[in-house]
Amino acid sequence: MADQTAQYIFMHKDIPVAEFGLDTATGAIVSIGQVYEPRHVPVGIPVRKGSVDRGALNEWWRGRSIPASRSGIWEALRELRISDSRILAEKCLGLSLSDQYWICPVGSGISWGQVNFFENPFSEDVGNILLGKGSDSGQISLMSPDNTSDGWLKKKWTITEGKRCLVKGGSGATRQEPYNEVLASRICERLGIPHVPYTLLEEDHCPYSVCEDFLTPDTELISAWYVMQTKKKPNHVSVYSHYLDCCSTLGIPGVKEAVDRMLVLDYLIVNEDRHQNNFGVVRRADTLEYVGAAPVYDSGTSLWFDKPTGLVGTKTASKPFKNSHEEQIKLVTDFRWIDFSALAGIDEELREIVRGSLFIDEARCSVLCRALRHRVELLEAAASEQAAQGKGFADSTRFDVTEDRAYSGEVHA
Ligand SMILES: Nc1ncnc2c1ncn2[C@@H]1O[C@H](COP(=O)(O)OP(=O)(O)OP(=O)(O)O)[C@@H](O)[C@H]1O
Ligand SMILES: [Mg+2]
C-alpha cells in the first residue's frame, strides 16, 4: 500500500515548532520529529525532555477540525466529497482565524505572510456549503478558515469591507441564538464588560449573528480548557480556583475581574453552555506574552433558547464552574462595578432586537422579556446578599461542574 504520510513543519507564524508526519487518509499526526521551539508548542500540550506528547497534540489538532456534532456537517461533507471533517484541516494548511498555528509542507518554502487568512483573501465555498447555500464556483476551493472552525452551530467566515467576520446561524424552531448574541452585546455595553459586539443579519428570513474577528495577525485565543491543562488539578481544588491558579502561574493579568463580569452576564441571560472553549485568554504569538482575558464571545445558548415557551423561566444547567446559576454567581465577590440603573429597560431592548422575527412570536417574546426583567431583580438580590455577607463565602469543590462538554463531541440535546 502506498505511504499516505505527508511531512510537515508545524509552524507558529514563521517560527518552526516541530516536524511532523500527517496521515493524509485520516488527518492524524502519526509521527513527531525534531522539536525546534518547545516554548511555541500550543499551551497545555506536555513537552517532556524535548518530546511533545503526540496523543495530546493529536487531540489539539482534532480540535481544529469541524466537530462531528456540527449541524449539517454530513450533508456538507457529501457535497465536498470528503469522507471526514478531520481531513479538511490539512486542506487549508491548518490555518485559522483564531490563532497563528499552521502546517508548512516540507520543502515548499511557503511563508505565513503568503497564506494566513488574516491578511490574504480566502474562498467562501466551504462556508457557503456549511450554511447549506451550495457553492457557485464549479471548482470548489478548500482553502478556507471554515475548515478549522469549532462549534456546533452552522457558521461561516466572510470578508466584509476588508474585515474578517463570523456569521453564525440559530438552531431549532426558535433560532434564538443570534438574538441572544445581540442581547448579550447590549448588556455588556451597558455594564462596560469587554465583549465581542454581535449584530443581527437576516437572510432569506433567517436570523444570523455577525461578529468581527477579535484576534489580529499578532494575537491568538487560548481556550480556558487548554489554560487548565497547564497544571494538574488537585482533587480538593475547585474548577474555578484551578482556572485562576493556572492564569496566575502563567502571569495573565486581570482574569478574576474578567471572570466576574462573564459570570454576571451569564447569570443575567441564564447561559447554559459557557463551556471551557467558550472563554479564554489572548496572547501575542511572536513574544508569547499574555494580553489578558479574551472579550466575552459566544453567549447564544441563553434565555431558554431550546425550550418551549411554557418552560421559559424554569431551572437550567450552568457552566463552566458550578452546576447551578445560584451557586455560580456566589463566586463573584465584587458587584460594586455594576450600575444597575444602566439595565433599566433592557427587556424592551430585547423586544426591539426580536421584533419582526418569523421564529419568535409575540407570546414567546413577552415571556422572555418578563423573564429577563426578573433576572435583573435576582442579580440585584444576589449582589445585596453578597454585600451583607462580606467575605463570608468560601469556594470549595461543592456543586462543581464535573464534566465539561469541550471535546466530548456530544450533540446538543
Ligand atoms: N469573533 C471571533 N474571532 C475569532 N475567533 C472566534 C470568534 N468567535 C468565535 N471564534 C472561534 O470560533 C469558535 C466557534 O465559535 P462559537 O463558539 O461562537 O460557535 P458555536 O457554534 O456557538 O460554539 P458552541 O459549540 O460552543 O455552541 C470559538 O470557540 C472560537 O475559537
Ligand atoms: Mg462556542
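Being a predicted model, the structure only gives us computed values, none of them experimental.

### Considering the overall build of the chain
Helix and strand content of the chain: twelve helices and 13 strands. For 413 residues, the compact-globule estimate of 2.2 N^0.38 gives 22 Å, and the C-alpha radius of gyration of the chain, at 22 Å, lies within 12% of that figure. Viewed in the frame of its principal axes, the chain has a C-alpha envelope of about 65 × 50 × 35 Å. Across the 413 residues in the chain, those meeting the buried criterion constitute 41%. Long-range contacts, defined here as pairs at least 24 residues apart, represent 64% of the contacts in the chain between residues at least 6 apart.

### Considerations on the sheet that holds strand β9 (residues 198-203)
In space, the four strands of this open sheet follow the order β7-β8-β10-β9, with antiparallel pairing throughout. In the strand order of this sheet, the two ends are held by β7 (155-160) and β9, each with one partner. Direction aside, the axes of adjacent strands within the sheet are offset by 35° on average. Pairing analysis gives four bridges linking strand β8 (residues 163-168) to strand β10 (residues 206-212), with the strands arranged antiparallel. Looking across to β10, one finds that C165 is bridged to E212.

### Re unusual backbone geometry
That bond from K319 to P320 is cis: its omega, 5°, falls within 30 degrees of zero. When you line up the elements, P320 lands in the loop between β13 (290-293) and α10 (325-328). Of note, K13 is a non-glycine position whose phi angle comes to about 50°, a positive value. As for its position among the elements, K13 is in the loop between β1 (5-12) and β2 (15-23). Positive phi values are uncommon outside glycine, yet F399 reaches one of about 65°. Within the element layout of this structure, F399 appears in the segment after α12 (362-389).

### With respect to the site of ligand 1
In the vicinity of ligand 1 there are 23 residues, among which S98, D150, G151, L153 and D298 approach most closely. Grouping the constituent residues of the shell around ligand 1 by class yields ten nonpolar, seven polar and six charged. Mapped onto the domain boundaries, the shell around ligand 1 takes at least three residues apiece from domain 1 (5-168) and domain 2 (212-389).

### Observations concerning the nonpolar core
In this structure, V227 and L265 are the most contacted members of the largest nonpolar core, which totals 89 residues. The biggest single contributor to this core is helix α9 (residues 255-269), with ten residues. Of the domains in this structure, domain 1 (5-168) and domain 2 (212-389) are the two that each give at least three residues to this core. Leaving out residues up to four positions away in the same chain, V227 has contacts with V43, G44, I222, Y243, C246, C247, G280 and V281. Counting seven residues, the second largest nonpolar core, distinct from the first, contains A76, L80, L130 and L131.

### What to know about the pairing of β10
Of the pairings in the sheet, the one linking β9 to β10 comprises six bridges and is antiparallel in character. Paired with T199 across the two strands is V210, which belongs to β10. The antiparallel hairpin formed by β9 and β10 contains two residues in its connecting segment, where D204 sits at a positive phi of about 50°.

### Notes on the packing of helix α6 (residues 177-191) against α9
Between α6 and α9, whose axes approach to 11 Å, the crossing angle comes to 130°. One element, α6, and the other, α9, form an angle in the oblique class. α6 and α9 meet at a crossing whose hand is right-handed. Between α6 and α9, the contacting residues are N180, L183, A184, I187 and C188 on the first element and L265, L268 and I269 on the second. Residues of the contact of α6 with α9, tallied by class, amount to seven nonpolar, one polar and no charged.

### Digging into the environment of I129
Note on placement: I129 falls in helix α5 (residues 125-130). Exposure remark for I129: the 22 C-beta atoms within 10 Å place this residue in the buried category. The spatial distance from the C-alpha of I129 to the C-alpha of D3 is 31 Å, given a sequence separation of 126 residues. Those residues in contact with I129 that lie beyond four places of it in its chain are A76, E79, L80, G134 and S135.

### Concerning the sheet that holds strand β11 (residues 219-223)
Hydrogen bonds between backbone groups are what pair the strands of a sheet, and the pairing can be parallel or antiparallel. The strand order across the open sheet built from three strands is β11-β12-β13, with neighbouring strands paired in antiparallel fashion. Across the chains shown, the open sheet's two edge strands, defined by having one partner strand only, are β11 and β13. Strand-to-strand twist of the sheet, defined as the mean angle between neighbouring strand axes without regard to direction, takes the value 25°. Sheet topology places β11 next to strand β12 (residues 280-284); five bridges connect them, and they run antiparallel. The partner of I222 across the bridge, within β12, is V281.

### Notes on the domain arrangement of the chain
Segmentation of the chain into domains returns domain 1 (5-168) and domain 2 (212-389). Taking only C-alpha atoms, the centre of domain 1 and the centre of domain 2 are 28 Å apart. Contact with domain 1, which involves 18 residues of that partner, is made by 16 residues of domain 2. Per element, the largest residue contribution to the side of domain 1 that touches domain 2 is four residues, and it comes from β8. Class assignment for the residues of the side of domain 1 that touches domain 2 results in six nonpolar, five polar and seven charged.

### Focus: helix α1 (residues 54-62)
When α1 is considered as a whole, its buried residues turn out to be L57, W60 and W61. Buried residues of α1, seen end-on, are gathered within an arc of 100° and therefore sit on one face of the element. Among the structural elements, β3 (29-35) and β5 (51-52) are those in contact with the buried residues of α1.

Rules used throughout
Residues numbered from 1 in each chain as written. Chains lettered and ligands numbered in written order. Predicted model: local features only at pLDDT ≥ 70, side-chain atom pairs only at ≥ 80, totals over all residues. Helix = DSSP H or I, 4+ residues; strand = E, 2+ residues; numbered from the N terminus. Rg over C-alpha atoms; globule rule 2.2 N^0.38 Å. Buried ≥ 20, exposed ≤ 12 C-beta atoms within 10 Å, placed from the backbone. Contact = placed C-beta atoms within 7 Å. Pairing = 2+ DSSP bridges. Axes fitted to C-alpha atoms, helices over the stretch in contact; angles between N-to-C directions. Near = placed C-beta within 6 Å. Nonpolar A, V, L, I, M, F, W, Y, C, P; charged D, E, K, R; others polar. Domains from an automatic or database assignment. Core = buried A, V, L, I, M, F, W, Y, C linked by C-beta atoms within 7 Å. Parallel < 35°, antiparallel > 145°, perpendicular 65-115°, else oblique. Left-handed = near helix turned anticlockwise from the far one by under 90°. Arc of directions from axis to C-beta.

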